[in-house]
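What the coordinates show
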Amino acid sequence: MQQRTINTTQCFHCGDQCIGASVVFDEKAFCCKGCSSVYQILNKSNLCDYYNIHDASGVKLPEVLDQQKFAFLDNAAIAANYIVFSKPNQSAVKFYLPQIHCSSCIWLLENLQKVHTGIYFSSVHFPTKEATVHFNPASISIRAIAELLASIGYEPYITMDDGQATKRHQKMVSRTALVKIGIAGFCFANIMMLSFPEYLGLETITVDGLNATLFRYINLLLALPVLLYSGSEFFINSWFSVKQRRLNIDAPIALALAVTFSRSVYEITTGTGGGYLDSMSGIIFFMLLGRSFQTKTFADLSFNRDFKSYFPVAVCLVNQNGTTTYKPVQDVQVDDTIRIRSNEVIPVDGMHILGKAEIDYSFVTGENEPTSVPIGDLVYAGGKQLNGPIDLLVVKPFSQSNFTRLWNNDAFKKTDKNIYSYTTVISNYFSLVVLTVAFSSFVYWYDTNTAFAWQAMTAVLIVACPCALLITATFTEGFVLNIFSKHGLFLKNAQVLQTIAAIDQVVFDKTGTLTYPHASSVTYSGEPIAPKDLQVITAMVAQSLHPLSKAISKELGEANIILEHVKEIAGAGIEAWENEAHYKIGSAKFVGNELAEAAGSEVWVSIDQIIYGKFIVQNILRAHVNRLIHELPYPVSVLSGDNNRSEQYLKAQLHRPIGYHFNQSPEAKLQFINALQANGQSVMMVGDGLNDAGALSKSDVGIAVVDNTIQFSPASDAIMLSEQLPLLDQYIKAAQWSKRLIKTTFVISTLYNVIGLYFSVTAQMSPLVAAILMPSSTFTIVFSTMIGSALIQKFCFKPIIDLKPTRL
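Residues numbered from 1 in each chain as written. Predicted model: local features only at pLDDT ≥ 70, side-chain atom pairs only at ≥ 80, totals over all residues. Heavy atoms only, no water.

Side note on the packing of aromatic side chains
Evaluated as defined, the whole model comprises 11 aromatic pairs. Ring geometry for Phe25 and Tyr39: centres 6.3 Å apart, planes at 70°, overall edge-to-face. Separated by 14 residues along the polypeptide, Phe25 in strand E2 (residues 21-25) and Tyr39 in helix H1 (residues 33-44) bring together distant segments of the chain. Look at Tyr39 and you get buried, because its relative accessible area is 2%. Their ring planes at 25° and their centres at 6.2 Å tell us that Phe188 and Phe285 sit as a pair that is stacked. A residue pair is termed long-range when its members are at least 10 positions apart, and Phe188 in helix H6 (residues 164-194) and Phe285 in helix H11 (residues 277-295) qualify at 97 residues. Both residues of the pair, Phe188 and Phe285, belong to the buried class. Members of the aromatic cluster, joined through ring pairs, are Phe484, Tyr731 and Phe797. (Phe/Tyr/Trp six-rings, centres within 6.5 Å; stacked < 30°, edge-to-face > 60°. Helix = DSSP H or I, 4+ residues; strand = E, 2+ residues; numbered from the N terminus. Buried < 20%, exposed > 50% of the residue type's maximum accessible area, 1.4 Å probe, protein only.)

What to know about the sheet that holds strand E7 (residues 130-135)
Pairing within the open sheet is antiparallel, and its 4 strands lie in the order E4-E5-E7-E6. The open sheet has two edge strands, strand E4 (83-87) and strand E6 (119-125), and neither has a second partner. Neighbour-to-neighbour, the strand axes of the sheet open up by a mean angle of 15°, direction not taken into account. When E6 meets E7, the two strands line up antiparallel, connected through 6 bridges. From the neighbouring strand, Ser122 faces E7, where its bridge partner is Val133. The strands that helix H5 (residues 142-151) touches are E4, strand E5 (90-96), E6 and E7; relative to E5, the one it contacts most, it runs at about 45°. (Pairing = 2+ DSSP bridges. Axes fitted to C-alpha atoms, helices over the stretch in contact; angles between N-to-C directions. Contact = heavy atoms within 4.5 Å.)

As for the nonpolar core
Grouped together as the largest cluster of nonpolar side chains are 49 residues, with contacts concentrated most on Phe72, Leu73, Phe95 and Tyr154. One finds Phe508, Met684, Leu727 and Leu741 within the second-largest nonpolar core, a separate group that totals 46 residues. (Core = buried A, V, L, I, M, F, W, Y, C linked by side-chain atoms within 4.5 Å.)

A few points about the side chain of Ser91
Looking at where Ser91 falls in the secondary structure, it is placed in strand E5. Residue classification places Ser91 among the buried residues on the basis of a relative accessible area of 5%. There is a polar contact of 3.5 Å between the side chain of Ser91 and the side chain of Ser86. Excluding residues within four positions of it along the chain, Ser91 makes contact with Phe85, Ser86, Val133, His134, Phe135 and Pro137. (Polar contact = N/O pair within 3.5 Å; in protein donor to acceptor, adjacent residues only side chain to side chain.)

Remarks on H5
Burial of H5 is extensive: 8 of the 10 residues sit out of reach of the surface. Within H5, the full set of buried residues consists of Ile142, Arg143, Ile145, Ala146, Leu148, Leu149, Ala150 and Ser151. Downstream of H5 by one or two residues, Gly153 has phi in the positive range, about 100°.

Points about the sheet that holds strand E27 (residues 683-687)
Taken in spatial order, the 7 strands line up as E17-E29-E28-E27-E18-E25-E26 in an open sheet, and their pairing is mixed. Two strands lie at the open edges of the sheet, namely strand E17 (489-491) and strand E26 (659-661), each paired on one side alone. In this sheet, adjacent strand axes meet at a mean angle of 20° when their direction is disregarded. Where E17 and strand E29 (residues 718-721) come together, 3 bridges link them in antiparallel fashion. Directly across from Leu491, in E29, lies its bridge partner Ala718. Taken strand by strand, helix H24 (residues 666-678) contacts strand E18 (505-509), strand E25 (636-639), E26 and E27, and its axis lies near 175° from that of E18.

Structure, rendered in structure tokens:
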């Protein structure tokens, strides 16, 4: 069928709004040719039921796919890393597909055999977003499978380190934690049920050979896996804390569990009682459950990504005879010639020997404008080539590049800060108080009644353990962490939540954080340009791949003429000859304006050596960032690797005193954070690129801003979705409220401890009292944290009305 264009509102494939003319195929509207192409592939393979599972569930596809992007998979040594099964007529390959998001994705990916006959079958593991494809290697190659997946919108995410091994380990740990919770919960419920005769004072009654003694020994057997398996982490953590000559929150808990179990064994074996196994099992169950709330949102995120996640696994090697092969990046040697294609990351330092090099170093340096590199100059690792293919002569191998050395600098690595939470600090004092009370109770009763002395001391250790304190913190922090994740901020651990509540200085990166990374506004300042001349200028910028030219071309629209005499000079501008007129666009110096002072990213225009004016291309401030900056109750600073041309515009938009620091290298940003901390300030750093890595690492709280959670980001304490940046002040407020909630529930748990201590020191702690008091304390705290967390979500997070982006 022929393609035509119509006006519509929603793409049939991906659901995005169609801007302007849409592409129509088979009487269905699409926002771009990429989405139309995916539909045609599915339609040809009779897989259009994909759209019936979820409307507009497709993944948006670039209109132009790089045909050589997966050519490195033709290298058998590289492809072998992704093969999970192999025999002569059948192999299986596993790819990470981050685009998987719904049941439609699973259905389509598990029907790939209908798209290509060389595929036997495929399966999807949704939690890890991995697809395993079983295929006939004689009919289809691994490269062809990757290209097939990319053609339907599921491009495999392949880098030197995609982080999947770490994620699989995290998920294994998570599954182990769930098993421990399940065992503890099962045993706890059964021990409670078998203990009812003890609660009701019926332990002396025997019915059909069943008596309290039998139930007590069954409880003891049920308690063993709870203590030795489910509760093992408390004893392990305590042992490590003792070896480090400090006590953490787990140490007094482990002591209380050991005393509880020992006294229970004594009472059961001597026939003097049923012990406190129900309380012990319940405490372990609820503490593990609370900890699971804190950790369950982290498994799909990478807070400590290695620099290898930024680079491709292989690079195109140009041989002496002009042929190309692919070699693993780490095997590239000095004097090799490599080819970098458009939008590829440069993995090594090299000399530019062929092609037009327009390098984007924004991720490494923060400089917003691309750098034109002439033939013979050095190109550094970490940059991205923007303008077609270039050839480089390698001068430093991958392991010795400036990028690798910068990343491996200890100052740029994120390490866990040695800061103890206030729950740990309180537990230390609490432990001393409990031990003092227990010993005093023993001394008080020893001369009167030795049995009462041992009973009082052990009862104090059982009832007054800091279990309630731990449950208070874990449940509160777990609930708040889940609230944060629902709103697009993912914290590395609960300690980060406590640190956020204590900050008193916020530092922002500018490019890509406060501003949109790939959006800009274009305005013209100068003499009016005649329509016929404007058509020539439109055609000139349309033929250039420079980012500034692209921005202007997008603003001016499509060109109606094709120029035959055009010349582009790298780093200067473009000139053209049309209708006996000489047109120039580019830098002020290029068009002949030697005296102009740069006030932004400017593209000057001259016609027949007469300067008409300039196009000013500027960043767009993220929507609602001005509101955020105004609402933050702390001093605010802005660090940028870019020049200071946008300072006046920032001042005009942000409307509050801010410390602006431009032309900042990664080392300078790190030193700035150091200086603030030296003055006693607790600093939050918000950034997005490698140039922010040192500052993010050194700051008390480092937040990496990303467009999606699979995007490469430097090591950080938290990962924030970029559209949620305007909510930063609300996250800080919620963290402060959570700290108050923990303190409130601490008071509640302390009241229960006081009541329990009264019964303990007076030697009145019976199984019935323990069965009522300890679960009541736990349930009250859990209920209080649930109510408090609901109030935090209701009163701290308020939606922001969607407004148009604010232009600088």
